[in-house]
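Listed below, chain by chain, are the residues.
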Amino acid sequence: MKKNKRLIINVLLVAILVVVAIGRSYSYLSVNDSSNAKPENLKLQNGDIDIAFSGSNTIEFSNPEAKNTPIISKTFTLTGTNTSTEDISYYVTLVINENTFKNGSLKYNIVSNNYSEKGTVIENIKPAKELNGTTNITMGPGSFTQGKNAVHTYTLNIYYTEDKNDNGTFKGTIGISAQ
């Protein structure tokens, strides 16, 4: 009985040490907010990512007119400070709370710019891809290398190019996560 207690205690101690070691070496924080809150900063163990949206991170529209230009464009800038020699990776997620459009009605793309040459931006998505259903869409990774004031700017565009008379509604947000 004493050996079993001792074994259980040893296993628990090792498990706690593993959790602490992983927690100290891996920082993860995300801003995938489905409210109207405007995320402004991700504080990480080895740096920060400042987030600036033109407007807010909320995307909402209903009953748009079909056209070949975006019905919604959201521009946002990520400014990274990395105090570590390891890259900070990040992802952009289109969090879809509601989408009542018929499949094939909506399309999206993302256009990226790296104004600092520090790290890599998320790859451009062109041509536009279909935006169907309510499954969140994660794009990335992008990354920030060691240094301050690395500027990556993105524009997420949503198109309604075919009038399918579906009188749909779309509600979502743009989320940023980093590790």
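The structure under discussion appears in the preceding block.
Participant: Would you mind going over the overall build of the protein chain in detail, with residue names and values included?
Facilitator: If you tally the helices and strands in the protein chain, you get one helix and 11 strands. The order of α-helices and β-strands along the protein chain, N terminus first, is α-β-β-β-β-β-β-β-β-β-β-β. Within the protein chain, the fraction of its 179 residues that count as buried is 40%. The long-range fraction of contacts in the protein chain, counting pairs at least 24 apart against all pairs at least 6 apart in sequence, stands at 77%. Only carbon and sulfur atoms are counted for the fraction: they give 50% of the accessible area of the protein chain, which is about 10,100 Å².

Participant: Could you give me a rundown of the packing of aromatic side chains, with the residues and numbers involved?
Facilitator: The full count for this structure, using the stated rule, is seven aromatic pairs. Relative to Y160, the ring of F101 lies with its centre 5.5 Å away and its plane at 55°, an arrangement referred to as tilted. With F101 in the loop between β6 (88-99) and β7 (106-114) and Y160 in strand β10 (residues 147-160), the pair connects residues that are 59 residues apart, well separated along the chain. The class of F101 is buried, set by a relative accessible area of 7%. Judged by its relative accessible area of 1%, Y160 falls in the buried class.

Participant: Hey, could you go over the nonpolar core for me, with residue numbers and the actual values?
Facilitator: Of all hydrophobic cores here, the largest spans 35 residues; its most connected members are I49, M139, I158 and F170. Look past the residues within four positions of F170 in its chain and what remains in contact with it is I59, E60, F61, L94, I96, E98, N99, F101, L106, L131 and I158.

Participant: Which residues make up the sheet that holds strand β3 (residues 47-53), and what values go with them?
Facilitator: Sheet architecture is open: six strands sit in the order β2-β3-β5-β10-β7-β8, paired in antiparallel fashion. Whereas interior strands pair on both sides, the edge strands pair on one side only; in this sheet they are β2 (41-44) and β8 (125-130). Averaged over all neighbouring strand pairs, the angle between strand axes comes to 20°, with direction disregarded.

Participant: I'd like a rundown of the pattern of salt bridges, residues and numbers included.
Facilitator: Inspection of the entire model under this criterion finds two salt bridges. Taking the shortest distance from any N to any O, the salt bridge between D48 and K43 comes out at 3.8 Å. Overall, D48 belongs to the partly exposed group, its relative accessible area being 24%. Residue classification places K43 among the exposed positions, given a relative accessible area of 58%. For E98, the salt bridge is made with K171, and the minimal N-O distance between the two is 3.9 Å.

Participant: Break down the environment of T138 for me, with residues and values.
Facilitator: Assignment of secondary structure puts T138 in strand β9 (residues 137-144). The contacts of T138, once residues within four sequence positions are left out, are Y91, V92 and T93. At 3.2 Å, the side chain of T138 and the side chain of T93 are in polar contact.

Participant: I'd like a description of unusual backbone geometry, backed by residues and values.
Facilitator: That bond from K126 to P127 is cis: its omega, 0°, falls within 30 degrees of zero. Position of P127 relative to the elements: it lies in strand β8. One non-glycine residue, E117, adopts positive backbone phi at about 60°. Within the fold, E117 resides in the loop between β7 and β8. Phi at N149 takes a positive value of approximately 55°, unusual for a residue other than glycine.

Criteria and thresholds
Residues numbered from 1 in each chain as written. Predicted model: local features only at pLDDT ≥ 70, side-chain atom pairs only at ≥ 80, totals over all residues. Heavy atoms only, no water. Helix = DSSP H or I, 4+ residues; strand = E, 2+ residues; numbered from the N terminus. Buried < 20%, exposed > 50% of the residue type's maximum accessible area, 1.4 Å probe, protein only. Contact = heavy atoms within 4.5 Å. Areas by Shrake-Rupley, 256 points an atom, 1.4 Å probe, with all protein chains shown as cover. Phe/Tyr/Trp six-rings, centres within 6.5 Å; stacked < 30°, edge-to-face > 60°. Core = buried A, V, L, I, M, F, W, Y, C linked by side-chain atoms within 4.5 Å. Pairing = 2+ DSSP bridges. Axes fitted to C-alpha atoms, helices over the stretch in contact; angles between N-to-C directions. Salt bridge = Lys/Arg side-chain N within 4 Å of Asp/Glu carboxyl O. Polar contact = N/O pair within 3.5 Å; in protein donor to acceptor, adjacent residues only side chain to side chain.

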